[in-house]
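Residue-level structure breakdown
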Amino acid sequence: MKVDALLPDDYRPAEDEPFMNDRQVAYFRRKLLAWKADLMDDSKSTVQGLQDGTRNIPDVADRASEETDRALELRTRDRQRKLVAKIDAALRRVEEGEYGYCEATGEPISLKRLDARPIAVMTLEAQERHERREKVHRDD
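Residues numbered from 1 in each chain as written. Predicted model: local features only at pLDDT ≥ 70, side-chain atom pairs only at ≥ 80, totals over all residues. Heavy atoms only, no water.

Thoughts on the overall build of the chain
In plain terms, the rule: To qualify as a helix, a DSSP run of H or I must reach at least 4 residues; to qualify as a strand, a run of E must reach at least 2; elements of each kind are numbered from the N terminus. Buried, partly exposed and exposed residues are distinguished by accessible area as a fraction of the type maximum, computed with a 1.4 Å probe on protein chains only: under 20%, between the cut-offs, and over 50%, respectively. Whether two residues touch is decided by their heavy atoms; if any such pair falls within 4.5 Å, the residues are in contact. Note on areas: these come from Shrake-Rupley sampling with a 1.4 Å probe, and a residue is covered only by the protein chains present in the view.
In terms of helices and strands, the chain carries five helices and zero strands. Reading the helices (α) and strands (β) of the chain from amino to carboxyl end gives α-α-α-α-α. When each of the 140 residues of the chain is scored for burial, the buried share is 29%. The long-range share in the chain, meaning contacts at least 24 apart out of those at least 6 apart in sequence, stands at 50%. Only carbon and sulfur atoms are counted for the fraction: they give 51% of the accessible area of the chain, which is about 9,800 Å².

Structure (structure tokens):
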């Protein structure tokens, strides 16, 4: 997209601009793509580390400690894999023109919320209602 190339590095979306104008869309696309690239790089280094780190440790306690570290690393990577899927979904919403709007209410999600959590799909109020309902049903 041509707006993406013209977007200054220090650009920050402002409330006084039209919501989800070309510059804001380009800003969030760039932010999502950079986040995804960072996660993918981390994932590649983990795979490489796991392949290189395979060794026979004679001490049982040391072996258990290393296996625990590996399990934690794999859990972290699994969370990041799920996060990459959410980033991909956000990028699809950007392409479809639906990014920045609440899935529950259709209202615009605040720019501050999107800047802090670019994969947000609900306004803060809708998310809080959703979590309260989820908590009530979980307790049953």
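More follows now that the structure is in view.
Focus: the side chain of R93
To be explicit about the condition: All tallies of charge rest on Lys and Arg as positive and Asp and Glu as negative; His and the ends of each chain are not included. Whenever a carboxyl oxygen of Asp or Glu lies within 4 Å of a side-chain nitrogen of Lys or Arg, that contact is scored as a salt bridge.
Inspection of the secondary structure puts R93 in helix 3 (residues 60-96). Salt bridges are absent for the buried R93, whose nearest opposite-charge side chain, E103, sits at 4.5 Å. Apart from the residues within four sequence positions on either side, R93 is in contact with E98, Y99, E103, I119, A120 and V121.

Some remarks on a negative patch on the surface
Heads up, the condition is: By definition, no residue in a patch forms a salt bridge, and every one has over 30% relative accessible area; like charges are joined within 9 Å, nonpolar side chains (Val, Leu, Ile, Met, Phe, Trp, Tyr) within 5 Å. Charge positions come from single atoms, namely NZ of Lys, CZ of Arg, CG of Asp or CD of Glu.
A cluster of acidic residues, E107, E125, E128, E131 and E134, forms a negative patch on the protein surface. Tracing the backbone shows E107 in the loop between helix 3 and helix 4 (111-116).

Things to note about helix 3
Note the cut-off: What a helix is expected to span follows from its residue count: subtract one and scale by 1.5 Å.
With 37 residues, helix 3 extends 54 Å between its outermost C-alpha atoms, agreeing within 8% with the 54 Å of an ideal straight helix rising 1.5 Å per residue. Looking one or two residues past helix 3, G97 carries a phi angle of roughly 80 degrees, positive in sign.

So, unusual backbone geometry
At M20, a position not held by glycine, the phi torsion is positive, near 55 degrees. Relative to the elements of secondary structure, M20 occurs in the loop between helix 1 (2-6) and helix 2 (22-52). A relative accessible area of 12% means that M20 is categorised as buried.

Quick word on the packing of aromatic side chains
Keep this limit in mind: Pairing of aromatic side chains requires ring centres within 6.5 Å, counting the rings of Phe and Tyr and the six-membered ring of Trp. Pairs whose planes differ by under 30 degrees are stacked, by over 60 edge-to-face, and all others tilted.
Under the counting rule described, the total for this entry stands at four aromatic pairs. Aromatic pair F19 and Y101: ring centres 5.1 Å apart, planes at 85 degrees, arrangement edge-to-face. Of this pair, F19 sits in the loop between helix 1 and helix 2 while Y101 sits in the loop between helix 3 and helix 4, and the two are 82 residues apart along the sequence. Measuring from ring centre to ring centre gives 5.5 Å for F28 and Y99, while their planes differ by 45 degrees; the resulting arrangement is tilted.

Some words on the pattern of salt bridges
Evaluation of the coordinates by the stated rule reveals seven salt bridges. Across the salt bridge formed by K36 and D88, the nearest N and O atoms sit 2.6 Å from each other. Here K36, found in helix 2, pairs with D88, found in helix 3; they are 52 residues apart in sequence, far enough to count as distant. Under the relative-accessibility criterion, K36 is labelled partly exposed at 24%. Overall, D88 belongs to the partly exposed group, its relative accessible area being 24%. For R77, the salt bridge identified is with E73, shortest N-O distance 2.7 Å. Of this pair, R77 and E73 are both found in helix 3, four residues apart, which corresponds to roughly one turn of the helix. Taking the relative accessible area as the measure of exposure, E73 reaches 28% and is therefore partly exposed. Shared partners join several salt bridges into a network, and the residues in it are D78, R81 and K82.

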